[in-house]
Every structure is written in C-alpha cells, then in structure tokens.
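Residues per chain are reported as follows:
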Amino acid sequence: MATFEPVLLRNVGVEGARTLKVYESRGGYQAVRKALGMSPDEVVEIVKEANLRGRGGAGFPAGVKWSFLPKDRTHTLLCVNADESEPPTFCNRVLMESDPHQLIEGTIISAYATQSQIAYIYMRGEFHEQFHILQKAIDEAYAAGYLGKNIFNGDFSLEIYIHRGAGAYVCGEETGLIESLEGKRGWPRIKPPFPAVEGLFRRPTVVNNVETLSCVPHIIERGADWFTGIGPSHSVGPKLFCISGPVNKPGCYEAAMGITVRELIERDDMGGGMAPGKRVKAVFPGGVSMGVLSAEELDMKMDFDDPRNYSLLGLGTAAAVVIDQDTDMRIVLRNMARFYGTESCGQCTQCREGTAWMHKIATRIAAGAGRLEDLDLLLETARNMGMMPGLSICGLSDGATYPIETIVKKFRSELEEAIRSQPAGRVDRVLQVLN
Amino acid sequence: MSWKTLDRNQQAVDPDAPPVLSDAIRDRIRSFFDRYETKRAVLLPALHIVQNTLGHVSWQAMAEIAELLEIHPSDVMNTISFYTHFWTHPKGEKVITVCRSITCEVMGGSAVLDELKQQLGVDEHGTTTDGRYSLVTEECLAGCDHGPCLLVNEKMHKCVKPEDVAKILADSGNDRLSMERSELFDVPAGTSEHALSASSSGDGNIDTTSDVREMRES
Amino acid sequence: MPKIIIDNQEIECRDGVNVLQAALEAGMEIPHYCYHPGLKVVASCRLCLMEMQMPHPKTQEMGWVPKLFPSCQTPVRDGMICRFDSDTVKQNQANCMEFFLLNHPLDCPVCDQAGECHLQDYSYHFGHAESRMVDQKLKTPKKDIGPRTLLYSDRCVMCTRCVRFTEEISGTHELCMVNRGSRAEIDVFSGHPLDNPLQGNVVDICPVGCLLDKDFLFKRRVWELNGTSSVCPGCATGCSIRVDQADNHVYRLKPRFNPKVNDWWMCDEGRFGSDYVHDAKRISSPIVRRGLDETTPAWEDMPEILRFRFEEHVREHSGESVVAMLSPFMSCEEGWLLIKFIREIAPNATLAMGPVPMAGEDQSFPAGANGDAVKFTILKEKCPNRKGIEQLIASAGGNTLSFEEFVGQCTEGKFSAGWVVGGYPNEWVDKATAKIASKFQLLVVQDLFENALMAGAAVVLPACAWVEREGSFMNAAGLVQPFERAVQPPDGARHDGQYLYEIAGYTGLYSGERVRELMAESKADLSVAYEAPCKPVHAH
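All values derive from a computational prediction rather than experimental measurement. (Residues numbered from 1 in each chain as written. Chains lettered and ligands numbered in written order. Predicted model: local features only at pLDDT ≥ 70, side-chain atom pairs only at ≥ 80, totals over all residues. Heavy atoms only, no water.)

J.: Requested: an account of the overall build of chain C, with residues and values cited.
T.: Per the secondary structure count, chain C includes 13 helices and 26 strands. With respect to the three principal axes, the spread of C-alpha positions in chain C is 95 × 50 × 40 Å. Relative to its 540 residues, chain C shows a buried fraction of 60%. Pairs at least 24 residues apart make up 67% of the contacts formed inside chain C by residues separated by at least 6 positions. For chain C, the exposed area adds up to about 21,500 Å²; of that, 50% sits on carbon and sulfur atoms. (Helix = DSSP H or I, 4+ residues; strand = E, 2+ residues; numbered from the N terminus. Buried < 20%, exposed > 50% of the residue type's maximum accessible area, 1.4 Å probe, protein only. Contact = heavy atoms within 4.5 Å. Areas by Shrake-Rupley, 256 points an atom, 1.4 Å probe, with all protein chains shown as cover.)

J.: Describe in detail the environment of A:Glu211, supporting the description with residues and values.
T.: Residue and element names in this part refer to chain A. For glutamate 211, the location among the structural elements is in helix H9 (residues 210–222). A relative accessible area of 1% means that glutamate 211 is categorised as buried. Taking the C-alpha atoms as reference points, glutamate 211 and valine 322, separated by 111 residues in sequence, lie 23 Å from one another. The contacts of glutamate 211, once residues within four sequence positions are left out, are Leu8, Arg55, Cys91, Asn92, Leu95, Lys239 and Leu240. One polar contact links glutamate 211 to lysine 239, side chain to side chain, over a distance of 3.1 Å. (Polar contact = N/O pair within 3.5 Å; in protein donor to acceptor, adjacent residues only side chain to side chain.)

J.: Describe the sheet that holds strand E9 (residues 319–324) of chain A, with residues and values.
T.: Hydrogen bonding along the main chain pairs the strands of a sheet, whether they run parallel or antiparallel. All names here are of chain A. Ordered in space as E6-E5-E9-E7-E8, the five strands form an open sheet in which the pairing is mixed. Each edge of the sheet is formed by a strand with only one pairing partner; in this case those strands are strand E6 (251–256) and strand E8 (293–294). Sheet analysis places strand E5 (residues 238–244) next to E6, joined by six bridges and oriented antiparallel. Each bridged residue has a counterpart across the sheet, and for leucine 240 the counterpart in E6 is glutamate 254. (Pairing = 2+ DSSP bridges.)

J.: A description of the domain arrangement of chain B should follow, citing residues and the corresponding values.
T.: Per the domain assignment, the segments making up chain B are domain 1 (23–82) and domain 2 (94–170). Placing the centre of domain 1 of chain B and that of domain 2 of chain B at their C-alpha centroids yields a distance of 29 Å. (Domains from an automatic or database assignment.)

J.: I'd love a proper account of the domain arrangement of chain C, names of residues and values included.
T.: Structurally, chain C comprises domain 1 (3–96) and domain 2 (287–357 + 384–521). Centre-to-centre, using C-alpha coordinates, domain 1 of chain C lies 55 Å away from domain 2 of chain C.

J.: Give a detailed account of the interface of chain C and chain B, specifying residues and quantitative values.
T.: Contacts between the two partners involve 26 residues from chain C and, on the opposite side, 24 residues from chain B. Between chain C and chain B we count one salt bridge in total. Between chain C and chain B we count 13 residue pairs in polar contact (both at pLDDT 80 or more) in total. Among the elements that line the side of chain C that touches chain B, the one with the most residues is strand E9 (residues 175–178) of chain C, at four residues. Class assignment for the residues of the side of chain C that touches chain B results in 11 nonpolar, seven polar and eight charged. The sheet contact formed by strand E1 (residues 5–7) of chain B and strand E7 (residues 142–144) of chain C spans three bridges and is parallel. Pairing of B:Thr5 across the sheet is with C:Lys142, part of E7(C). (Salt bridge = Lys/Arg side-chain N within 4 Å of Asp/Glu carboxyl O. Nonpolar A, V, L, I, M, F, W, Y, C, P; charged D, E, K, R; others polar.)

J.: Explain the confidence of the model for chain B residue by residue, including any values.
T.: All names here are of chain B. Averaged over every residue, the pLDDT of chain B is 85; the share at 70 or more is 84%. Ranking the elements of chain B by mean pLDDT puts helix H9 (residues 210–217) last with 34 and helix H3 (residues 59–69) first with 97. Contacts from residues 194–218, a stretch scored under 50 in pLDDT, to residues over four places away or in other chains number 30 contacts. (pLDDT = per-residue confidence, 0-100.)

J.: Tell me about the interface of chain B and chain A, and please be specific about residues and values.
T.: Between chain B and chain A, the contact holds 47 residues from the first and 64 residues from the second. Counting each side, the surface lost to burial between chain B and chain A is near 4,500 Å², with a carbon and sulfur contribution of 58%. When the area that chain B buries against chain A is broken down by residue, the three leading residues are B:Arg35, B:Phe82 and B:Ile102, summing to 15%. Counting every contact that joins chain B to chain A gives five salt bridges. Of the charged contacts, one joins A:Lys136 and B:Glu180 as a salt bridge, the two residues approaching to 3.4 Å between their closest N and O atoms. Linking chain B to chain A there are 31 residue pairs in polar contact (both at pLDDT 80 or more). Elements with a contribution of two residues or more to the side of chain B that touches chain A: helix H2 (43–54), helix H4 (73–82), helix H5 (102–106) and strand E6 (155–157) of chain B. Each residue belonging to the side of chain B that touches chain A can be placed in one class, and the counts come to 21 nonpolar, 13 polar and 13 charged. (Buried area = accessible area lost by both parts, 1.4 Å probe.)

J.: Report on the nonpolar core, specifying residues and quantitative values.
T.: If you look at soluble globular proteins, the nonpolar side chains tend to sit buried side by side. Within the largest apolar cluster, 227 residues are counted, with the highest numbers of intra-cluster contacts made by A:Tyr29, A:Ile104, B:Ile29 and C:Tyr33. Beyond its immediate stretch of four places on either side in the chain, A:Tyr29 contacts A:Leu20, A:Tyr23, A:Glu24, A:His101, A:Ile104, A:Glu105, A:Ile108, A:Ala141, A:Tyr146 and A:Phe152. Counting residues in hydrophobic clusters, the runner-up holds 44 residues, among them C:Phe310, C:Val444, C:Ala458 and C:Val515. (Core = buried A, V, L, I, M, F, W, Y, C linked by side-chain atoms within 4.5 Å.)

J.: Provide a residue-level description of the pattern of salt bridges, including the pertinent values.
T.: Scanning the model with the defined rule gives 74 salt bridges over all chains in all. In this structure, the salt-bridge partner of A:Arg267 is A:Asp269, at a minimum N-O distance of 2.9 Å. Across the salt bridge formed by B:Glu139 and A:Arg338, the nearest N and O atoms sit 3.0 Å from each other. Pair noted here: B:Glu139 is in the loop between strand E4 (133–138) and strand E5 (150–152) and A:Arg338 is in helix H12 (residues 329–343), and the two residues belong to different chains. A single burial state applies to B:Glu139 and to A:Arg338, both of which are buried.

J.: Pulling in residues and values, what's your account of the packing of aromatic side chains?
T.: Any two aromatic rings considered together are summarised by their centre-to-centre distance and by the angle between their planes. Inspection of the entire model under this criterion finds 32 aromatic pairs over all chains. Note on C:Trp299 and C:Tyr499: the rings are 4.9 Å apart at their centroids and 15° apart in plane angle, and the pair reads as stacked. Linking C:Trp299 in the loop between strand E16 (293–295) and helix H7 (302–316) with C:Tyr499 in helix H12 (residues 496–503), this pair joins segments that are 200 residues apart in sequence. As far as the burial class goes, C:Trp299 and C:Tyr499 line up, both buried. Linked through ring pairs, A:Tyr23, A:Tyr29, A:Tyr146 and A:Phe152 together constitute an aromatic cluster. Note that C:Arg83 overlies the ring of C:Trp64, its terminal NZ or CZ placed 3.9 Å from the centroid. Here the guanidinium or amino end of C:Lys142 rests over the ring plane of C:Tyr152, the centre of that ring lying 4.7 Å away. (Phe/Tyr/Trp six-rings, centres within 6.5 Å; stacked < 30°, edge-to-face > 60°. Lys NZ or Arg CZ within 6 Å of the ring centre and 35° of its normal.)

J.: An account of the packing of helix H8 (residues 332–345) of chain C against helix H9 (residues 386–396) of chain C is needed here, citing residue identities and associated values.
T.: Residues and elements named next belong to chain C. For the pair H8 and H9, interaxial distance at closest approach is 9 Å and the crossing angle is 30°. Here H9 runs roughly parallel to H8, going by the angle between their axes. For the pair H8 and H9, the crossing hand works out as right-handed. Contacts between H8 and H9 involve Cys332, Gly335, Trp336, Ile339 and Arg343 from the first element and Gly388, Ile389, Leu392, Ile393 and Ala396 from the second. (Axes fitted to C-alpha atoms, helices over the stretch in contact; angles between N-to-C directions. Parallel < 35°, antiparallel > 145°, perpendicular 65-115°, else oblique. Left-handed = near helix turned anticlockwise from the far one by under 90°.)

J.: Report on the confidence of the model for chain C, specifying residues and quantitative values.
T.: Segments scoring low in pLDDT should not have their predicted coordinates read at a detailed level. Taken residue by residue, chain C gives an average pLDDT of 94. The fraction at 70 or more is 98%. Scored as a complex, the prediction yields pTM 0.93 and ipTM 0.94.

J.: Would you mind going over the sheet that holds strand E8 (residues 149–152) of chain C in detail, with residue names and values included?
T.: Ordered by their spatial adjacency, four strands build an open sheet running E1(B)-E7(C)-E8(C)-E11(C), and the pairing between neighbours is mixed. Either end of the sheet is taken by a strand with one partner, and the two such strands are E1 of chain B together with strand E11 (211–213) of chain C. Within this sheet the neighbouring strands show an average axis-to-axis angle of 25°, counted without direction.

This is the structure in structure tokens:
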C-alpha cells in the first residue's frame, strides 16, 4: 500500500497547479485530446469497463448512468455536483481549489461521452474562494480554446457555467440539484422519470460528482485495466478519504479502497494518529449520514461493501470524523439531530416531522432533561422514518436515521448513565417550562 | 391563545417607490439569461447579484426580480426562503458565518461562537448596533480539516480558537481573499475589499462595483 | 381494461390510472393527502404507500418487494399485485398520522373543517389515540391571505394541493411555500393576495382545516348541513354543484365532479353568487288585478283564473295578440309547460326569448391557456339555460322573436296579452322594456323581485330561485343536467314548476322527471337524454 501513487491529488501542493500552464506541463489536457479522438460511445465503454462508481455517496456506476440516456436525444445536459454538503466532507473542495483544471478536463471528457452541450457546475454557496479559483480556471480554458465553440479545433462544443447554490444540503441530491438549477426550491423530484430521460429543463441530464469526474481523465489516459487494478474487486479505483477531528494530520488523502478506519486515523501518511491526550471514542467514517462506529469497530474496511457489516448505510463520502473521549455523546446526538432537522427539505411527511421531532428530543437530552424512554422513542422515530426503503422521495430521510440509530444503539449505556445522573425532578421542570 | 393573524392583503411594496434595482444590476442579471433555457433559472444568480450589491434582498427587490424574470413575486419568495444565505432584511457590512458541524463542534467551535457572541454583543442572526457585523451559523462549511472554521463574508478563517476572535475582529482586512477574484459576481457590498478597490481605481476589479458605489453614496 | 389485485381482491380499472385512483374507484379507503386526481402527482405525503409483488431478480419467482411504493405514483399494469393490508403498510399509515399531529393544535372544537376533516377521519381509522411528543409544539400564525380566504398554518399538513391549484388550474401563482423542513408554511407575497376568480376551490381541496372560507367561517357545523345535487346558474358553463343547506337556508355551494363540465372546480362568482336567494325583498305571493280590484287568490285557484283570463282575451281579440317571453333562467321543463299552455290557448301566439345577460369576456384558466390546456372556463353569458329555452322555442315553431324584436313589436302595440318571465338575480327591466307594460291589456309577470312591469300587470307571479325549484338546464355546450330542489320557497310562494304544471292542465305533484317524460311523448326532438349525475371520481 505504501507504494500507492496518488493520481487525483498528484498536483496538490505543486506551485501554480491552479494555472493552465502548470497543469499542462504536468501532463494535463492530454486525456481529453485522446478522448476526442475516440467516438463518444467508446469513451462510455471505457468508463463502464473501469466500473467507476459514483464518489458522491450512492456509489452508482457512472458509465451505466451515462448509458441510460435515450439514444435518440438531441440535447443533453451535464451537471457537476459540487454541492459538497455532507459533514465532514471536503475532498471536492480540495480538488477544486488545488487542481481545478483536472475537474474541467474530466467534465469535458464526460460531456463529450454523453454528448452534452452545456455543463453546469452546481457549487454550494459556501464555496467562495473555490468559486473564484474554478471560475478563473474556466476563463483560462475558454481563452485556450478548450471550452466554447469547436474545442481543440474539433467538432465538439461545450459551455461550462458555474451555478452557485445558497445554502441547502438537499441540493446535493441530484434531482434537488436540478430543481435548484431551475431557480426553484431544492425539492427532490419523484422518479421516474429519471434525470437521464427528463432532467434539467426536461432534457436528458447526467449528474456526476466532482471526484467522479476527476477520475475520468486518468481512466482515459491509463485505461480501464489500470483503474480496476486498484483496490478490492467490488470497490476499484483511487479514492479520496477525508479525516478530521482531533487527529494529528487532519486532511484529504488518496488511497485504494479497503483501507481500514484505523489505518486512516493512525497511518503516518494519513491522519498520523490521535492528537496528544486524545483517544478514539467514536468515528463517523463516511460522512455523518452513514452512521457511527464505536472505538471497537475501527477495523471496518472503507469500501463499498464492508460498512454494511457494521450497521452503517454505506461508504458514503468516505469522510471520517473522529470523536474523542472528552466529547459527550449527547452533544454529538444533538448535533446530528439538528443538522437533519435544519436541512430536511420538508417535502415528505416522515422526514419533515421526524427530523424536527428527533431534534427536539436530542436538544432536551443534551440540556440534561432526557428521559430513558426518549432513547427508545428516538429509535422508533428513526425506524418510522426509514423502516423500509421507499418511505421518502430522496435518501435524506434514511441518512437522518442512521446516525441517530447507531449513536443510540452503540452508545446507549453512556447516554443512559448521563440521563440517570440528571438531578431529580429536572425533566418535569423542563417540560413544565416548555408547555 | 396569543396567535395573531397576519394581514397579507397589505402591500409589502410601495407601488410609488422608485426602483431599487439599478439598470446596471438589471443588465448584470440579464447577462445570465443566455446560460439557461428558462428565465426562472436565473433566479439564484439574480438573488446573489442583488444581495451582493444591495446587501439584502428586500420585498421590493423580490418584486422587481420577479418582473425581470417574468415570474410571480411569490415564486421568488418561495425560492428565497428555502435557501439560508439570502437576507430579506438589512444585515451588517460583514457577515460572520460560524460552522457548527460535528467536526467544528468537537474541535471547540461552540466556544468560538460564544466568544463571538460576547464580543459582538449579539446572538445568532443578530447584527451589531454599529451595523458592522452580522453573526450566523451554518451547517458544514467543508473546512473540516482545519476546524473550527468560520467565514467573514467570503474569507475562510481556519483553526480558530476563542482567543483568536479579538484579533480577527480587529483586522479590517479580515474578509480579503488571497486569490484573484472572478468578475462574474460582484464584491459583496460593505467589504473592506470593496473599499480598497474603490480607493485605488485602475484595479481591474472595480468596473463592476461603480454602480454599488453610487448607490451607497446616494 | 387492466385487472389488478389489491388485498387479494381483483379489481378492474380504467386505463392509465394509478393504483391509488383504481383502489379508490373500487371503493377502498386508502388514506392520502397530497394526491388529487385533478392535480399533478407529487407523492410527498407518503400516506398512500403500498407493497407490490415483483419477480425475484434471480429466480424470477413473484414475491413481495421489501420496499414501499407510493400508490399515487404507480400506474396500474395488468396483472399487478399490491397490498395495503400488510402490517408494514398499516404501520406506516399510523406513523404518518402521528407525525401529522405532532404540531397540530388539535383545536377541532372550534375548527370549521371538523366533521369533514381528513385529519380527523384518518386519525380515527388509521392513527394513534395519543401523541408521544412531550416537547413544545411549533406554533405558526394565522394569515389573512385574501379577501375571501383565511389560512390557519398550524393546521396545515403541507400537501401543497392549494399551491398546485394556483399553479396548474388558475395559473395565477399567488400561493407558495416559504421556508423549509418543519418550518415550511403556505403563504402569499404580501400585497399579492389570493384573489383570483377560482380561489374558492383551494378551500375545497384543502384536506384539513387550514384554508377557510370567510363567508362560511363559524356559520354552521358541517354535520348539520344537507347536500343536494344542483347546477350552478351563474353562467352558461353550468357547473355541477352541491347546495349545502340547513333550516331552509343555503349556507354554501360546493362543486360536484363532472368531467364533461367543470371537473372538480367552480368559480367564485357562482360559489358566492346565491345571496339573492335569501333576499328579504323577494316577492312571495301572487297578485291578481281586475280594474281597481287587487286580490291574492289561493294557489289552487290560479290555473283556472289564468286560463279564463287568457281564453277571454283570445275570444275578444285574437290568438295573434298573445305573446310569451321566456327567460334563460327557466328550466327546460318550466319552459315547455309555459309554451304548452300558451300555444294551447292560442296556437298562433308568439314566443320570445328573454334578454341574455352578458358580462365582459369569456375567461379561461389557467390564465393565458388555450386549446386542450384550458382547465376551466367562466363564460360571459351569465345565465344557465339560454340554449335550452331557445331549442324549446325553435321546436315549438310558429311565430318567434328575439328579445329586441319582442320589445320593438310590443312598443308598436302588436300584442295586447302577454306572459313575461323574469327570474334574473339582478334588475333586468330597462327603460324601453318598462314602457311596454302600458301596451298590454292582460299582462302576467313572473319574477323574483318587483320590477317596473309589475305595476301595469294583471297578474304577478312570484318566481323562485333555482335552489327552490327542480328541473334541468342545458349549458352552452348543449349538455342537459338536472338539478334538485334544496330549500323551500319563501312563505306564500310556490315553485314555478308546480304552478306551471297545474296551469298547463296537469294535476298532482310536479316532478321534473314526469315532465321530461311528457316532453318526450309530445315531440321526439325534446327527448334529450339528460346527463345523469356523475359518479364522483374520488376527490376529497
């Protein structure tokens, strides 16, 4: 593993890597030239062969997504999902601020493969510096003739526009993103029709994550076999892992999938171990929506399959946050509940009401007025929001239940103890004030 | 029951008031029309533009945007209220956005927030009496590798400790970006960067802000 | 016609409907809020979720998929197997009901919707008896969102039907959502209130007590109301409606589903246009004058008096001197009875059409739509039966006149005996028309209110409002719809159908159906098959 050669992050830290000149001097914009020499379908086939699974959280194969586009379409739109909003994920931020041309190149190749005329980069509103960096890079690419009419002096034309969001987690859901691009509230759409058939402005649309698209130039350049040769067979290709919290070297690291959470925390070329005096109490290994691991579960492999064995929702964004022994799990519980309570879009009943209710309960528990039955109530509410697939239109509801459910289940004794040690009569007094 | 009935028949916008969107703002918004198939899709860019130049999106601004994009004012209100970044009432010159997500909270973000509240003398969503700062919190700013973090307008401050707060507030350039700006969106009104570019004409960035200056002077 | 199995029961369904619609049409009660057959599917209330069987991806064996599907969004396919009676589905319904009531103020005792509220009904059938939430409820304000409508946000279930109505049907976009998540509310942009000609429908489609009609607010508990099938007389569209009355008072009009006319909707002009029914100035007793002598005879004597006076006139003058002006507010039956009476006495009597009230232009909705996109039309012709009466006159043949010709010829003194029918909700006798009264020796005037012709009339007959009568109207598209009697006429009055029936020589009780039989027997072209009341395509 130590010999792993970073690809996606190869330009990070390189002086001037944001500029076209430096990017090209390091081999940039060669893949797109190669791709433009192939037929679009050939490009799709290579990406399909590489089994490039979406890096945004759901893990759906990008090439398969592209092949859902109707054959007889006249217009196609590509949306780049740069609405990275899942705490504690920041790998797309790193990609965009360190190596914007890599994303642009990946976008051009993917737009060519899908025969898209316009690519919209939906960038979350919190990204200001990244917006200016990426927009400058796009301006440069236009000036060089890599974007616009007849790019690279060929037949293909492509416009790239950045569309800035304005603070809504749910706009990272692909149909919420499309609605938001249309100038509406980011309410996810009901499917079918799927975006590939009827998406943005009712046209066939592909939505891909920044990291997914950033992989594409390398697949074209090095071939599908290179890509599938990295990592376990079900989770191939280089992957970005984020690590944050009280570790020595919080940051974004590239590795093959299948590394363990423990490696991510401990390895010198990654998290570098816990900060002095800090011990692991819990880890959210894949973005908060995937759920939490206890300190005993750090051998979980970070790939598309293993998280299921630890009652987690999935790999998610592969962004881990470490909770140390000094952090009260009631605070973590409240933080999770507040996040989903604030970010639920309010469309589906279970999610709208359930997240708000869990937030109320968690706030009360954190304020030292919890009841033991509140823990069961939280579990049941979580189950009622996500007891079966299909309960809500998008995945936010499922994502909201996993952290709550896993915190309560895996840290129940701590929570119970905290509740038991509350001063007598406090719950009644608080409830009296509330009502 | 102390519920009141809000009267929505009342005009939120004075029909005789002069327009708040200058021709320059309107042209800027129109320049986005080519990018999208529908005018409605220009709504988010338009709201950003208006907020950057006027500081907030007033009822009248919403009505004028609606007219420009050929949609109903309620459609603008619908969209604007869904997103957390837009202000429908005046805010401070600089907005401090404190991240409150899990990493920042674990790393001590709430102490930073408390310190800010104390030093500014405002609560969340409050604006200081001198109008210089508004304080808000946001879910994840995607700066977890250097939490706790906060934004002063567009500028990210990393690994902030409570004891850093005073220094950040004292720095008049605390919102200045270290990279070159794209001219696609205006410098937010009221920023030090704006003041800077206004004083040193000849800088490539100031073309877009002249209308702001006029408006601020009037 | 696809056949599907729901809860082990095979049902046949219409092509192209969704499973929820098919189940509702088969008489099953499936809870739902956001689904309305007249609006786009949003599948957001998640109350109508069901289970489905699908072939196993490997074995191809049919089995229940461990997933819930929104039945409102799933189109029927022949042979599909679904169920609503499983524990999972029922649990989800119960959970949803708990969620809906978390922040609800539970103010049913003072809620106008109580009794026809789907929060009440569904909680009763599918929900829990108590709330497990001990924390504070979210309180949201009441809003005055327009001249006729109030919005009590705290009762809202965010089904967004009202918002979709203003987007898709009225096309006026006044209503919108604001905020997100549990703090979301319905609202209007202040100063752009909900004020479109169809706005009353949002109150109808609100499944709970959130949108309220100011006109009906706190007037009556809904379970005291009795509904009667009727037809709106407001314009020539002829919307199918229901008249809700209690104690002989009309409290509200509601649209009744009719896919050929109005779907689920009606306009405000019709909905709120029935106040004249209870106007104190209505005339209620007949007057008969001879010389200076003025009497109010018993209704039983009326047929004989009228027949005698007209026969006397025809004997002394001629049949050609007799004219009858029919009103587009008469039912087809009443028109036929009057024509029968007049033409029996004077076969060469003239028949004239009364004035057809017009106002403005036709209004189509959604605003600006045309062709197939039109969902609703308010016609400028403000009467229910112009076409029906015209056809009766045409079918009777002989001398016929338009209203203008009628006034002209009356002014010239061509007629000396006449029967003039009004029934217009508004003043209709203009100056020129008023002058014709003096030309008649024998004038019968039948109207709701006193008019300028009555002073010179030999006989004044009180007319009744349509809710007090029974019969049928033919709308502008030629569709004949029956309407039933909802309330009794004012004391002393008798409804037009009954006295015309007797005057035309029949005995016993008038019934619209009986007269339609008589009409059909008398002439083949009058045996129009009228539109039977529509079986409602479920819409709550």
